[in-house]
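Observations on the three-dimensional arrangement
Listed below, chain by chain, are the residues.
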Amino acid sequence: MKGIVLWVTGLPGSGKSTVADGIKNQFPDFVILRMDELRKIVTPKPTYSEDEREMVYRTIVYAAKTLSGLDHNVIIDATGNMRRWRELARQLIPNFAEIYLKCPIDVCMEREVSRRKTRGAPKGIYKKGRAGWPVPGVQVPYEEPLNPELTIETDKASLEEAISVICEFLSRH
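First, a word on scope: everything that follows refers to the structure included in this document.

**Remarks on the overall build of the protein chain**
For the protein chain, the count of helices and strands is seven helices and five strands. Ordered by position from the N terminus, the helices and strands of the protein chain form the series β-α-β-α-α-β-α-β-α-α-β-α. The C-alpha radius of gyration computed for the protein chain amounts to 15 Å, which stays within 12% of the reference 16 Å derived for 173 residues, consistent with globular compactness. Taken across its 173 residues, the protein chain has 45% of its residues classed as buried. Sequence separation of at least 24 residues holds for 74% of the intrachain contacts in the protein chain that already meet a minimum separation of 6. Accessible area for the protein chain stands at about 8800 Å²; split by element, carbon and sulfur atoms hold 53% of it. For the protein chain, the distance from the average site of its 26 positive side-chain charges to the average site of its 23 negative ones is 5 Å.

See below:
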């Protein structure tokens, strides 16, 4: 397994970073590209405008494509709320898979409020969304994947079950 890119997508609070860390624990050679960390470098004072989102998502796709071209395995840990960004990655990256962490927004909101490890994500994101910030699933759409390689319902599956499903998928590739 060389040069695979997994895009772990889902609403904020669906478990993307936790799952990404779980994959890396099983496969230490994976590089995790976290949107929240990238955004702090590319847009240190983010506005979350459509133009800015377009730029940072294209940047993360380019970074993943470059790393995978050098035979690194990559996890994109990013909401990727617009399907076009995930489809761009699918078009540009030969060994690409989309993992959709499906979770009801009310569960995501509960998790987001109580999480201790933010892994660089802004705190109080859903509260900000209710106040008018462009938060996926609240003020801006989250376009669910049409044909992801895997869909995991993270309100029903444990972290261990989710990682097991992903490991099984990776063992077949």
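That covers the picture; the talk isn't over yet.
**Describing the packing of aromatic side chains**
A ring pair, where both rings are aromatic, is described by two values, the distance of the centres and the angle of the planes. In this structure the tally under the stated criterion is four aromatic pairs. Considering the side-chain rings of phenylalanine 27 and phenylalanine 30, the 6.1 Å spacing of their centres and the 75° angle between planes classify their relative orientation as edge-to-face. Taken together, Trp7, Tyr57 and Trp85 form an aromatic cluster joined through their ring pairs.

**Here's the deal with the sheet that holds strand 1 (residues 5-9)**
Spatially, the five strands line up as an open sheet ordered 2-3-1-4-5, and their pairing is parallel. Only two strands of the sheet have a single neighbouring strand rather than two, namely strand 2 (31-34) and strand 5 (150-153). Recorded for the sheet is a direction-independent mean angle of 20° between the axes of neighbouring strands. Taken together, the four bridges between strand 1 and strand 3 (residues 74-77) define a ladder with parallel strand orientation. The residue of strand 3 that forms the bridge with tryptophan 7 is isoleucine 76. Against the sheet, helix 2 (residues 35-42) touches strand 2 and strand 3, its axis set at about 60° to strand 2. Sheet strands touched by helix 3 (residues 50-69): strand 1, strand 2 and strand 3. Its angle to strand 2, the strand with the most contacts, is close to 170°.

**Re the packing of helix 1 (residues 16-26) against helix 7 (residues 159-171)**
Two elements in contact, helix 1 and helix 7, have axes whose closest approach is 10 Å; the angle formed by their N-to-C orientations is 55°. Our classification of the angle between helix 1 and helix 7 gives oblique. Classified by chirality, the crossing of helix 7 by helix 1 is right-handed. The segment helix 1 lies against helix 7, with Thr18, Val19, Gly22, Ile23 and Gln26 engaging Leu159, Ile163, Ile166, Cys167 and Leu170. Per-class residue counts for the contact of helix 1 with helix 7 are seven nonpolar, three polar and no charged.

**Focus on the packing of helix 3 against helix 4 (residues 83-92)**
Here helix 3 crosses helix 4 at 25°, and the two axes come no closer than 10 Å. Classed by the angle they form, the pair helix 3 and helix 4 counts as roughly parallel. Between helix 3 and helix 4 lies a crossing of right-handed hand. Of the residues in helix 4, those in contact with Glu50, Arg53, Glu54, Tyr57, Arg58, Val61 and Lys65 of helix 3 are Arg84, Trp85, Leu88, Ala89 and Leu92. For the contact of helix 3 with helix 4, the class distribution of residues is six nonpolar, no polar and six charged.

**What about unusual backbone geometry?**
Phi is positive for tyrosine 48, which is not a glycine, with a value near 60°. Checked against the element boundaries, tyrosine 48 lands in the loop between helix 2 and helix 3. Residues other than glycine seldom take positive phi values, yet aspartate 71 does so here, at roughly 70°. Mapped onto the fold, aspartate 71 is located in the loop between helix 3 and strand 3.

**Comments concerning the side chain of asparagine 73**
Secondary-structure assignment places asparagine 73 in the loop between helix 3 and strand 3. A polar contact of 2.9 Å, which involves the side chain of asparagine 73, links it to the backbone nitrogen of glycine 3. A distance of 3.1 Å separates a polar atom in the side chain of asparagine 73 from the backbone nitrogen of isoleucine 4. The residues touching asparagine 73, leaving out its near neighbours within four places in the chain, are Met1, Lys2, Gly3, Ile4, Asp29, Phe30 and Val31.

About the thresholds
Each chain carries its own residue numbering, running from 1 in the direction its sequence is written. Confidence filtering applies because this is a predicted model: local features only for residues at pLDDT of at least 70, side-chain atom pairs given and counted only at 80 or more, and all residues used for totals across whole chains, interfaces and linings. Remark: hydrogens and water are excluded; side-chain values derive from all non-hydrogen atoms of the structure. Helix and strand labels come from DSSP, where a helix needs a run of H or I of at least four residues and a strand needs a run of E of at least two; each type is numbered from the N terminus. We compute the radius of gyration from the C-alpha atoms alone; for a globule the expected value is 2.2 Å times N to the 0.38, where N is the number of residues. Exposure is judged per residue with a 1.4 Å probe applied to protein chains only, and the accessible area is read against the type maximum: over 50% gives exposed, under 20% gives buried, and values in between give partly exposed. In what follows, a contact means two residues having at least one pair of non-hydrogen atoms within 4.5 Å. We get accessible surface area from the Shrake-Rupley algorithm with a probe of 1.4 Å; when it comes to residues, only the shown protein chains can shield them. In this charge count, Lys and Arg are treated as positive and Asp and Glu as negative; neither His nor the chain ends contribute. Think of each charge as sitting on NZ of Lys, CZ of Arg, CG of Asp or CD of Glu. Between rings of Phe, Tyr and Trp, where Trp is taken as its six-membered ring, a pair exists when centres lie within 6.5 Å; planes separated by under 30 degrees are stacked, by over 60 edge-to-face, and by other angles tilted. Two strands qualify as a pair provided DSSP detects at least 2 bridges between them. Every axis corresponds to a line fitted to the C-alpha atoms, with the helix fit spanning only the stretch in contact, and the corresponding angles, defined between N-to-C directions, vary from 0 to 180 degrees. Angles are sorted into four bins: roughly parallel if under 35 degrees, roughly antiparallel if over 145, roughly perpendicular if 65 to 115, and oblique for all others. In a left-handed crossing the near helix is turned counterclockwise from the far helix by less than a right angle, and in a right-handed crossing that turn is clockwise. Ten residues, namely Ala, Val, Leu, Ile, Met, Phe, Trp, Tyr, Cys and Pro, are considered nonpolar, four, namely Asp, Glu, Lys and Arg, are considered charged, and the remaining ones, Gly among them, are considered polar. Distance and chemistry together define a polar contact, namely a pair of N or O atoms within 3.5 Å, with one atom able to donate a hydrogen and the other to accept it when in protein, and with adjacent residues in sequence counting only for side-chain atoms on both sides.

Don't take any of this as a statement about function, it's just geometry.
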